[in-house]
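Topology and contacts: notes
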Amino acid sequence: MSRAGVRGRVAGGVLALMVTLSAGAKVPDAGVPDAGVVPDAGVAEAPRFAWPRLQVISHVESSDIVEAGGIPVALRAVHVKENVRELVQRFADAFRDGGLYVPPGKEQAQYANNAVMLTALDPKRRITYTVVMMPQQDGTTTLYLGEANHALARPPEAAGDFAPLPPQANGVLRVNAEGSRTLSFQVPLTGPQVEAFYDDALVKAGWKRGDEAGLYSRTGAELRLTHQPTKDGQRGVVLIYQQRAR
């Protein structure tokens, strides 16, 4: 697969859900516990957090910047030798040693498909750091690393969405990357109702149903629909738009 194809798949797939948390995390101006020691006057500010060194097998995707909800998010994915259990402790220690605030476990998001997600924040620089750890059958792990810079946020734009939203859609997040765009949201509908809504709306907009469920295409583009139930009884929906060779 080409680099652009990998980028679209990564940013639009697993990381589309990852940046929902990373970009949507609240970064208050004050009142967040500081995991590090406050420096005395005249002492240089602590260096910016650096991801821990790992045994990298391959880089799934080179560094890239996407925009999620108006917030720039730096994304990177790597395949490493360490297993998930070891990595959870490694990243938790790295976050704390780096002077970041790590929310309690009950405030950390739970991730599907046996993956683990951990988030920390630098309240001074207004940056959230998120790692998604996906175990592989051979005991290795694929890591998705994200840095969301809230200090550079700008109002997200709804104009030009590539697909319509159901009337009751809430918590909408828009992710834009080179060659791909993503819409994710929650809606109080059942799975069949979500599928019926998009079967009707997308076909009217000129999309053709593909052989695979949730897949639509038209000249120069492909659209994928996925959804799953959420803890509060709604449906979490992700729409991924990708350009493709004509």
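Please read these numbers as outputs of a predicted model, since none were measured by experiment.

The next point concerns the overall build of the chain. Within the chain, the secondary structure is distributed over 4 helices and 11 strands. Within the span of the chain, comprising 246 residues, buried residues form 44% of the whole. Sequence separation of 24 or more characterises 57% of the internal contacts of the chain that already satisfy a separation of 6 or more. As displayed, the chain has an accessible area near 13,300 Å², and 51% of this comes from carbon and sulfur atoms.

On to the side chain of Glu 147, then. Tracing the sequence through the fold places Glu 147 in strand β5 (residues 141-149). By relative accessible area, Glu 147 is classed as buried at 18%. At 2.8 Å, the side chain of Glu 147 forms a polar contact with the side chain of Arg 48. Look past the residues within four positions of Glu 147 in its chain and what remains in contact with it is Arg 48, Trp 51, Pro 72, Val 73, Ala 74, Ile 127, Thr 128 and Tyr 129.

Bringing the environment of Arg 209 into the picture now. In this structure, Arg 209 sits in strand β8 (residues 208-209). Contacts of Arg 209, omitting those with residues within four sequence positions, involve Asp 199, Val 203, Leu 215 and Tyr 216. Within the structure, the side chain of Arg 209 is placed 3.3 Å from the side chain of Asp 199, a separation counted as a polar contact.

Of all residues in the chain, 70% attain a pLDDT of 70 or more, and the chain-wide mean is 78. The least confident element of the chain, judged by mean pLDDT, is helix α1 (residues 3-12) at 42; the most confident is helix α4 (residues 191-204) at 94. Below a pLDDT of 50 lies the segment residues 1-12, which in the model reaches 30 contacts outside its immediate sequence neighbourhood of four places, other chains included. Within the model, the stretch residues 28-40 combines pLDDT values under 50 with 14 contacts to residues more than four positions away or in other chains.

Tracing the chain through its elements places Thr 119 in strand β3 (residues 116-122). Judged by relative accessible area, Thr 119 falls into the buried class, the value being 7%. One polar contact links Thr 119 to Thr 130, side chain to side chain, over a distance of 3.1 Å.

By size, the foremost hydrophobic cluster in this structure holds 21 residues, and its most contacted members are Trp 51, Phe 91, Phe 95, Leu 118, Val 131, Met 133 and Leu 143. Examining the composition of this core, we find that 6 residues originate from one element, helix α3 (residues 84-97), more than from any other. Core analysis: the second largest hydrophobic core is formed by 16 residues, Val 187, Leu 202, Leu 225 and Val 237 among them.

Throughout the structure, instances matching the rule amount to 7 salt bridges. Of the charged contacts, one joins Asp 199 and Arg 209 as a salt bridge, the two residues approaching to 3.3 Å between their closest N and O atoms. Remark: Arg 209 occurs in strand β8 and Asp 199 occurs in helix α4; sequence separation between them is 10 residues. Judged by its relative accessible area of 53%, Arg 209 is exposed. Taken together, the shared-partner salt bridges connect Glu 82, Glu 86 and Arg 90 into one network.

What follows deals with the environment of Arg 181. Turning to its location among the elements, Arg 181 is positioned in strand β7 (residues 180-187). When the C-alpha atoms of Arg 181 and Leu 223 are compared, they prove to be 9.6 Å apart, with 42 residues separating the residues in sequence.

Thresholds, definitions, all that
- Residues numbered from 1 in each chain as written.
- Predicted model: local features only at pLDDT ≥ 70, side-chain atom pairs only at ≥ 80, totals over all residues.
- Heavy atoms only, no water.
- Helix = DSSP H or I, 4+ residues; strand = E, 2+ residues; numbered from the N terminus.
- Buried < 20%, exposed > 50% of the residue type's maximum accessible area, 1.4 Å probe, protein only.
- Contact = heavy atoms within 4.5 Å.
- Areas by Shrake-Rupley, 256 points an atom, 1.4 Å probe, with all protein chains shown as cover.
- Polar contact = N/O pair within 3.5 Å; in protein donor to acceptor, adjacent residues only side chain to side chain.
- pLDDT = per-residue confidence, 0-100.
- Core = buried A, V, L, I, M, F, W, Y, C linked by side-chain atoms within 4.5 Å.
- Salt bridge = Lys/Arg side-chain N within 4 Å of Asp/Glu carboxyl O.

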